[in-house]
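As a plain string of letters, each chain reads:
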Amino acid sequence: GIKHNPNFINTSTFGQLYRTCFIRDAEFGMMQNTHNSFDIEFSDYQDDDDREDNDSAFAFRTIEKELMSDQLPFFVKTPNGRLQAGTKRDCYIVNTRMSNPEWMKCFQFIGALIGRVMVKDHLWFGMPLAPTFWMLVQDNQKPSLEDFAKEDARIRKRLNKFEEAKKMGGEWPEDEAW
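None of these values were measured; they are calculated from a predicted model.

**Details of the confidence of the model for the chain**
Next, step 1: Looking at the chain, the pLDDT average stands at 76 and 73% of residues meet or exceed 70.
Next, step 2: Throughout residues 49-53 the model reports pLDDT below 50, and contacts reaching past four residues in sequence, or to other chains, amount to three contacts.

Dropping the structure here:
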C-alpha cells in the first residue's frame, strides 16, 4: 500500500490502466461509449491462450483483488471488519483519507470502469461494498444512523446508550470516547 510502496499506483494493474486511460481522456468520457475499445498491455501480464479472449474480465478481476488488498488504499474494511465485531465484517467502504484531487480522479475512474465493464462485458463487480456505499451512490436513498450502525458496532453501542437515556427521560449520556 501507500505506506510501504509510495509508487503503488504505478506498479498495480489498476494504476497501469488508470494512467493509460487518463492520458487518452482525462475525464474518462471514452468509457461511457460502449463502442469505444481500448487495448491495454500490462507490464506484468503473462500471455495465456485462455485469457486472450477475455482480457477485460481478467484485468477487471485483478483490479477487484487489488482494491480489496493493502496494495491500493482506496477502500478499507468496515469498522466491524477491522475490529472483528458485529455484522458486515466482509464489506468495504471508501477510505476517507484518500481525499486529494489526484485520488478523487482515481475514484472517478473506478466508477467509470465499474460502469463500463458491467454494461459492456456483463460482469458483476465482485468487491463486497457496504450497503451504505450503494445507498450513497443512489440518488433516491439516504443511509440512516441505523444503517451505519450495522457496519460499525461502536456506533451501535453509542446509539443504544442514547436510546436508553431517552427512555429514562435523561440527557445525552456521557461517553469517554468523545
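What follows picks up the thread again.
**Some thoughts on the packing of aromatic side chains**
Next, step 1: One pass over the full model with this rule turns up ten aromatic pairs.
Next, step 2: Considering the side-chain rings of Phe 60 and Phe 125, the 5.8 Å spacing of their centres and the 45° angle between planes classify their relative orientation as tilted. Separated by 65 residues along the polypeptide, Phe 60 in helix H4 (residues 55-67) and Phe 125 in the loop between helix H6 (101-120) and helix H7 (131-137) bring together distant segments of the chain.
Next, step 3: Classification of Phe 125 by relative accessible area gives buried; the value is 4%.
Next, step 4: Among the aromatic residues, those joined into a cluster by ring pairs are Phe 14, Tyr 18, Phe 74, Phe 75, Trp 103, Phe 107, Phe 109, Phe 133 and Trp 134.

**Some points on the pattern of salt bridges**
Next, step 1: Applying the stated criterion to the full structure yields three salt bridges.
Next, step 2: Note that Arg 61 and Glu 64 form a salt bridge whose closest N and O atoms lie 2.6 Å from each other. With a gap of three residues between them, Arg 61 and Glu 64 both fall in helix H4, about one helical turn apart.
Next, step 3: The class of Arg 61 is partly exposed, set by a relative accessible area of 30%.
Next, step 4: Residue Glu 64 is classed as buried on the basis of its relative accessible area, which comes to 6%.
Next, step 5: Of the charged contacts, one joins Glu 146 and Arg 156 as a salt bridge, the two residues approaching to 2.4 Å between their closest N and O atoms. Remark: Arg 156 occurs in helix H9 (residues 153-167) and Glu 146 occurs in helix H8 (residues 145-149); sequence separation between them is ten residues.
Next, step 6: The exposure class of Glu 146 is partly exposed, given its relative accessible area of 37%.

Definitions and limits used
Residues numbered from 1 in each chain as written. Predicted model: local features only at pLDDT ≥ 70, side-chain atom pairs only at ≥ 80, totals over all residues. Heavy atoms only, no water. pLDDT = per-residue confidence, 0-100. Contact = heavy atoms within 4.5 Å. Phe/Tyr/Trp six-rings, centres within 6.5 Å; stacked < 30°, edge-to-face > 60°. Helix = DSSP H or I, 4+ residues; strand = E, 2+ residues; numbered from the N terminus. Buried < 20%, exposed > 50% of the residue type's maximum accessible area, 1.4 Å probe, protein only. Salt bridge = Lys/Arg side-chain N within 4 Å of Asp/Glu carboxyl O.

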